[in-house]
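An overview of the molecular structure
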Amino acid sequence: MLTLETFSPDNRDRQIGDSHYRICKEYEAPFKWYISEHRNTGDEWAQGRGCFRGSLEDVIKEFNSLSREREIIDRKRR
């Protein structure tokens, strides 16, 4: 489980099935943290970004709760 204390550039990724999740930060104001998902099955490729927050701690909590493939991508389609 990721925490504020263990978060680093080398420890911000997670793989679930064909989905690769990463915690990222916007480079333009207001500099929010978010979760990026890239999914590649070999036949299909998709990406999504979600869970934009000003608090890294809140994004880490959401990141730790991810439990399946396409979670961020599917949220964007609702």
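Presented here is an overview of the structure given in this document. As the structure is a prediction and not an experimental result, all values here were calculated from the model.

The secondary structure content of the protein chain amounts to two helices and four strands. Listing the helices and strands of the protein chain from first to last along the sequence gives β-β-β-β-α-α. Here the C-alpha atoms of the protein chain give a radius of gyration of 12 Å, agreeing with the 12 Å that 2.2 N^0.38 yields for 78 residues. Summarising its shape, the C-alpha atoms of the protein chain cover approximately 35 × 25 × 20 Å along the three principal directions. A burial count over the protein chain gives 33% of its 78 residues as buried.

Turning our attention to the pairing of strand S1 (residues 13-16). Pairing geometry for S1 and strand S2 (residues 19-25), over four bridges, is antiparallel. Each residue of the ladder has a partner; that of Asp13, found in S2, is Arg22. If you look at the hairpin formed by S1 and S2, you'll find two residues sitting between the two strands, and Gly17 has a positive phi there, around 60°.

Moving on to the environment of Asp13. Structurally, the position occupied by Asp13 is in strand S1. On the basis of relative accessibility, which here comes to 30%, the residue Asp13 falls in the partly exposed class. Sequence separation between Asp13 and Lys25 is 12 residues, and the spatial gap between their C-alpha atoms is 13 Å. Here Asp13 is in contact with His20, Tyr21, Arg22 and Phe63, once residues within four sequence places are set aside.

A few words on the pattern of salt bridges. Applying the stated criterion to the full structure yields eight salt bridges. With a closest N to O distance of 2.5 Å, Arg22 and Asp13 form a salt bridge. The shortest N-O distance in the salt bridge between Glu44 and Arg39 comes to 2.7 Å. Salt bridges here are not isolated pairs; linked through shared partners, they connect Arg39, Glu44, Arg68, Glu69, Arg70 and Asp74.

Calculation rules
- Residues numbered from 1 in each chain as written.
- Predicted model: local features only at pLDDT ≥ 70, side-chain atom pairs only at ≥ 80, totals over all residues.
- Heavy atoms only, no water.
- Helix = DSSP H or I, 4+ residues; strand = E, 2+ residues; numbered from the N terminus.
- Rg over C-alpha atoms; globule rule 2.2 N^0.38 Å.
- Buried < 20%, exposed > 50% of the residue type's maximum accessible area, 1.4 Å probe, protein only.
- Pairing = 2+ DSSP bridges.
- Contact = heavy atoms within 4.5 Å.
- Salt bridge = Lys/Arg side-chain N within 4 Å of Asp/Glu carboxyl O.

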